[in-house]
Amino acid sequence: MVDILVLGATGVTGRQTTRYLSSHPQRSQFTLAIAGRSRRKLDNLISDLSLPKSVQVHVVDVTSFDQVEVLVKDFKIVLNTVGPYVKWGPPVVRACARHGVHYVDLAGEQIFVRDIIEKYDYVATKTGSILVPSCGMDSLPSDIAVHLANKALKQLSKDDAQPLQIDISTSSYDLHGVFSNGTISTIVSALGNTPKHKLAESLRDYYLSPVAGKPSPPPRLKYIMTLPSTREAVVGGYFMMSSANRSIVQRSWGLLEWNYLNTKSTEASKQRYGPMVYEEFMRQKSIYRSVLLTLTLLVGFTLMALPPVNLYPHGLIQNRRQPLKPQLESGSLTVINVTTSIPSSRFPKPVNVETTISANGDPGYYLSPIMMAESGLALLLDRESLPALAKNGGVLTPASALGDVIVKRLQEFAKFDIRCEVVDGIAESRKSI
């Protein structure tokens, strides 16, 4: 049995995933295979990356469940880069769930994730299959930032009968890089091909969570967040992937809350986030640019939903070329999360936690494949260190399935800079976690 299969290996993200895995420091500890629709493109990939003969090559049509099932049942981990996932993903997830194969993807599509939860979560818990969508820029940084903030609060109050819980958690995104074809395709697919009632439902709070929590604030023209460590005011506008990211964070919240409600155990009490509210935005240099960004996205989304316009991006997607390596390595990602606790008897004033996740490289085409690859390697090589929820299988999230393991892997192997510090409300008094 081969360890890891990269599905859609000839696409941009599939190629980058294969490139990253083929030169990974732990390469001797796992076997690798690639799959795609075109044998010619697969052969070209092998030549371009100088892949050894030990790398298996498979031709598969992901629209055929029979072909997919025959292929994936012989692997331990499937890294799926074939999107839009709502269109091409279900047969792959179904096959993995049926055969106890672990699954990771880059989906930023709430409707797809909801679909696989409803159809395959139960089966996966019976076969032990760990299904982890959204392990790229959408939505791993958001999910892991809240996980780290919660961990910091729990460590600070570990001796308390009632550990600190989260009140408000806000993330700002600062992105520089090539606009991803996958992102365009996802947006067009959602706005142009999804029934309006289903699209509206996917935007509601706790859409992916097993339980509901406090309502989120409505979108705003501008966002302002104060960094507790420096007192700097960070401003921004609406982030187009905030709904997808929020859904994943809320599922992590809901899985932990559901575990606590059903077990009432001390350990479950220590892990739950608390009655938190989560939101995020795209960082800008001024309030003017923040408002302009929000209005531009509002107009753009409206136009893409109209029949005369929504055909244009499809042509754009088809005609765009793969970014060159210098383009991929010149971008950057910086996510800053500020999480505030609910006051307690020991901490009568809210405690602030500031978490920063940053890395060099194009967020969508370069860093996302790395995050997905390390997520797959975490499931393969660090199984015993995964969070307790991962042991049960099912449709999980980066935080609930991978937790501290993915943080460590991104720091050690991918050179991500991940920092988390507790601030008690006074800038001069800080404690690193």
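To start, this report covers the structure provided alongside it. (Residues numbered from 1 in each chain as written. Predicted model: local features only at pLDDT ≥ 70, side-chain atom pairs only at ≥ 80, totals over all residues. Heavy atoms only, no water.)

Take the packing of helix H7 (residues 140–156) against helix H10 (residues 242–263) next. Two elements in contact, H7 and H10, have axes separated by 8 Å at closest approach and are oriented at 40°. Helix-helix and strand crossings are classified by hand; for H7 and H10 the assignment is right-handed. In contact with Ser142, Asp143 and Val146 of H7, H10 contributes Asn245, Ile248, Val249 and Ser252. Split by residue class, the contact of H7 with H10 holds three nonpolar, three polar and one charged. (Axes fitted to C-alpha atoms, helices over the stretch in contact; angles between N-to-C directions. Helix = DSSP H or I, 4+ residues; strand = E, 2+ residues; numbered from the N terminus. Left-handed = near helix turned anticlockwise from the far one by under 90°. Contact = heavy atoms within 4.5 Å. Nonpolar A, V, L, I, M, F, W, Y, C, P; charged D, E, K, R; others polar.)

Bringing the packing of helix H1 (residues 12–22) against helix H2 (residues 39–49) into the picture now. Running from amino to carboxyl end, H1 crosses H2 at an angle of 40°, the nearest separation of the two axes being 11 Å. By the angle between their axes, H1 is oblique relative to H2. Crossing angle aside, the handedness with which H1 passes H2 is right-handed. Contacts from Arg15, Thr18 and Arg19 of H1 reach H2 at Leu45, Asp48 and Leu49. Class assignment of the residues belonging to the contact of H1 with H2 gives a composition of two nonpolar, one polar and three charged. (Parallel < 35°, antiparallel > 145°, perpendicular 65-115°, else oblique.)

Right, let's talk about helix H5 (residues 90–99) for a bit. With seven of its 10 residues buried, H5 lies for the most part within the structure. Residues of H5 that are buried include every one of Pro90, Pro91, Val92, Val93, Ala95, Cys96 and Ala97, and no others. Positive backbone phi, at 70°, marks glycine 100, one or two positions downstream of H5. (Buried < 20%, exposed > 50% of the residue type's maximum accessible area, 1.4 Å probe, protein only.)

Right, let's get into unusual backbone geometry. Here the amide bond leading from glycine 83 into proline 84 is cis, since omega sits at 0°, within 30 degrees of zero. Looking at the element boundaries, proline 84 is found in the loop between strand E4 (75–80) and helix H4 (85–88). Residue serine 139 is bonded to the preceding aspartate 138 through a cis peptide linkage, with omega at 10°. When you line up the elements, serine 139 lands in the loop between strand E6 (130–132) and H7. Phi is positive for serine 50, which is not a glycine, with a value near 55°. Structurally, the position occupied by serine 50 is in the loop between H2 and strand E3 (56–59). Look at serine 50 and you get exposed, because its relative accessible area is 62%. Not every positive phi belongs to a glycine, and arginine 231 is a case in point at roughly 70°. Within the secondary structure layout, arginine 231 lies in the loop between strand E8 (223–226) and strand E9 (233–237).

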